[in-house]
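So the chains spell out like this:
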Amino acid sequence: MNWDDARVFLAVCRESTLRGAARVLGVDQATVGRRLNTLENALGATLFLRTSEGYVLTTVGEGALPAVESMERAALKLERQALGLDDRLIGNVKVSTTDSLAIDFLIPAIARVHERHPGVQIQLDASSQLISLSKREADIAVRNTRPDNPDLIARRIARWPVGLFASEAYVERNGVPERGSAFEGHDLVVYGPYLLSNKELTLVAEPLTRGRIVCNVSSSYLMRRSIAAGIGLGELPVRSGGADGLVRLWPEVTRPQPYDVWLVTHADLRHTARVRAVIDEIVAVFAAENF
């Protein structure tokens, strides 16, 4: 099995459909189907069962999967190591971050990169989904969680306290909640995944059991815009709330956990010139904001 065939096998395995695999591989669906049939004929074995719910690995396919994943790791490692020796300031750099950090920091950093190194192209992905740097889904990640993968280099580039915020219109309409009231009589905006956790639901350590959760959002930027629209109260990094002109409630109170921002890249890419250039500009933009 060559690497191109292995990529088709893994894409179908992970996406369960030819259409999904084609999207991941950047080819058309017919090509994926044809190459999968060719691979199965070459091996003399059926790797997938075609079901109404998608493609499911057969026993032979399940047995092949660990070996193919090993091929993938070796191919990606070779690719990263080759890139790590690249001293040219040209080419593509993939950056992953959140929508809020992209707007406030990454786009200004990209503008600086473009001005200084016009041969470097940036592919910016802003979403709440975590990606794999080991699989080169991104070269650089700027996130609020530190990874535990020992092959990744993580650097904290910001730490902000988190406070309680509302718009001026909301405060004029509803007033300021009393401490210890569990937000009785108030509308709340919360981060959606937080509602699914097993943690006690609080805002800046205040239980929200008597408040009304009127909006739950999937990203930090949606949180900022929802609070600014007067929908309800919510937690924000103090830096973001101030930048948006919001009213900070209970200014003496912060969430026990601050909002950390981590810049992460793979150890194999730390000497790649274009990756290093992008990292330097991201760090410079955050440094200018924080100091």
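Quantities reported herein were computed from a predicted structural model and do not represent experimental measurements.

Asker: In this structure, what is going on with the sheet that holds strand S6 (residues 152-160)? I would like to understand it.
Answerer: Strand pairs in the sheet, formed through backbone hydrogen bonds, run parallel or antiparallel to each other. In space, the 5 strands of this open sheet follow the order S4-S3-S5-S14-S6, with mixed pairing throughout. This sheet does not close on itself; its edge strands, each paired only once, are strand S4 (120-126) and S6. Shown here is a sheet whose adjacent strand axes are inclined to one another by a mean of 20°, direction ignored. Across 7 bridges, strand S3 (residues 91-97) lies against S4 in parallel orientation. The residue of S4 that forms the bridge with Thr-97 is Ala-126. Contacting S3, S4, strand S5 (140-143), S6 and strand S14 (259-266), helix H5 (residues 99-116) runs over the sheet at an angle of about 180° to S4.

Asker: Explain the sheet that holds strand S7 (residues 162-166) here, please?
Answerer: Here we have 3 strands laid out as an open sheet, ordered S12-S7-S13, and antiparallel in their pairing. Two strands bound the open sheet, and with one partner strand each, they are strand S12 (234-237) and strand S13 (247-249). This sheet shows a mean twist of 55° between the axes of neighbouring strands, independent of strand direction. The pairing of S7 with S12 spans 4 bridges and is antiparallel. Looking at S12, one finds that Phe-165 is bridged to Gly-234. Relative to the sheet, helix H8 (residues 220-228) contacts S7 and S12, its axis offset from that of S12 by approximately 125°.

The rules behind these values
Residues numbered from 1 in each chain as written. Predicted model: local features only at pLDDT ≥ 70, side-chain atom pairs only at ≥ 80, totals over all residues. Heavy atoms only, no water. Pairing = 2+ DSSP bridges. Helix = DSSP H or I, 4+ residues; strand = E, 2+ residues; numbered from the N terminus. Axes fitted to C-alpha atoms, helices over the stretch in contact; angles between N-to-C directions. Contact = heavy atoms within 4.5 Å.

Limitation: the analysis is restricted to geometry and does not speak to function.
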